[in-house]
Amino acid sequence: WGLYIKGAFGPPVCAADNIKAKLKPVNIYITVDKSGSMWSRWTKTKKAFTAFFKDKKSAGLNVALEFWPHSSCGQYSSWCSKVDLCAKPYISFGKLLPANAPADKQEQKLINAFNATNPGGMTPAYVALQGATKWGSDYGKMHKNEQQVVVFVTDGYPNWCGSNHAAFEKVAKDAYQNHNVKTYGIGIVGASTSMLNK
């Protein structure tokens, strides 16, 4: 419109089109602290996630699940540099369906995983976050039209594999700015809010 001068270029020409918006598929990697301090909080945490998996509004989401420390993520101090282990979920990706378990097989797998898991061990939060965001970065390269999301759940202060809050910030910031991976923190009672705010 700024280029239109009456009498000089003629009336402006407007174009119209009708385009239907499409939502991006969302892939969520849920990585959950199961350290010893989670014992008193595990029942409520499990109940909350079970409700989320069963919720009809969750249908269509692709969800994977990891616990830490775990045989696949941060179980031993010598594993603090083994980010690849934390980038491979305990329960692989699958789509949640409108139907409830057992018809929804992914929902059933996720609920079974929580039921079969008990808290214990230290809090290797840093390597867990590194692994989850690495998954998002790697998966996003092959699925550019899909949104990768990390949901990072903890109740404590990291005491294994590093506790520098600036390092946590750097990992999440790099994942977002360079790979469009969005990280969300869920703080259970006792969590380091300063770390999660970073």
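Please refer to the structure higher up on the page.
Scoring rules and cut-offs
- Residues numbered from 1 in each chain as written.
- Predicted model: local features only at pLDDT ≥ 70, side-chain atom pairs only at ≥ 80, totals over all residues.
- Heavy atoms only, no water.
- Pairing = 2+ DSSP bridges.
- Helix = DSSP H or I, 4+ residues; strand = E, 2+ residues; numbered from the N terminus.
- Right-handed = clockwise from strand over helix to strand, strands pointing away.
- Core = buried A, V, L, I, M, F, W, Y, C linked by side-chain atoms within 4.5 Å.
- Buried < 20%, exposed > 50% of the residue type's maximum accessible area, 1.4 Å probe, protein only.
- Contact = heavy atoms within 4.5 Å.
- Expected span 1.5 Å × (residues − 1).
- Arc of directions from axis to C-beta.

(A) Structural context of the pairing of strand 5 (residues 181–187). Examined bridge by bridge, strand 4 (residues 147–154) and strand 5 share 7 bridges and lie parallel to one another. Each bridged residue has a counterpart across the sheet, and for Val150 the counterpart in strand 5 is Thr183. What joins strand 4 to strand 5 is helix 5 (residues 165–179), and the crossover it makes is right-handed.

(B) Molecular detail of the nonpolar core. Ile30, Val32, Phe53, Leu65 and Phe114 are the most contacted members of the largest nonpolar core, which has 21 residues in total. Elements represented by at least two residues in this core include exactly strand 1 (26–33), helix 1 (42–54), strand 2 (62–68), helix 3 (105–115) and strand 4. Top contributing element to this core by residue count: helix 3, with 4 residues. When sequence neighbours within four positions are dropped, the list of residues in contact with Phe53 reads Ile30, Val63, Leu96, Glu107, Leu110, Ile111 and Phe114. Within the second largest apolar cluster, 15 residues are counted, among which are Leu129, Phe152, Trp160 and Phe168.

(C) Fine view of helix 1. The terminal C-alpha atoms of helix 1 lie 18 Å apart, and with 13 residues this matches the ideal 18 Å at 1.5 Å per residue to within 8%. For helix 1, the complete set of buried residues consists of Trp42, Thr45, Phe49, Thr50 and Phe53. Down the axis of helix 1, the sector holding all buried residues measures 130 degrees, keeping them to one side. In helix 1, the exposed residues that point more than 90 degrees away from the buried face are Thr43, Lys44 and Lys47. On its buried face, helix 1 is in contact with strand 1, strand 2, helix 3 and strand 4.

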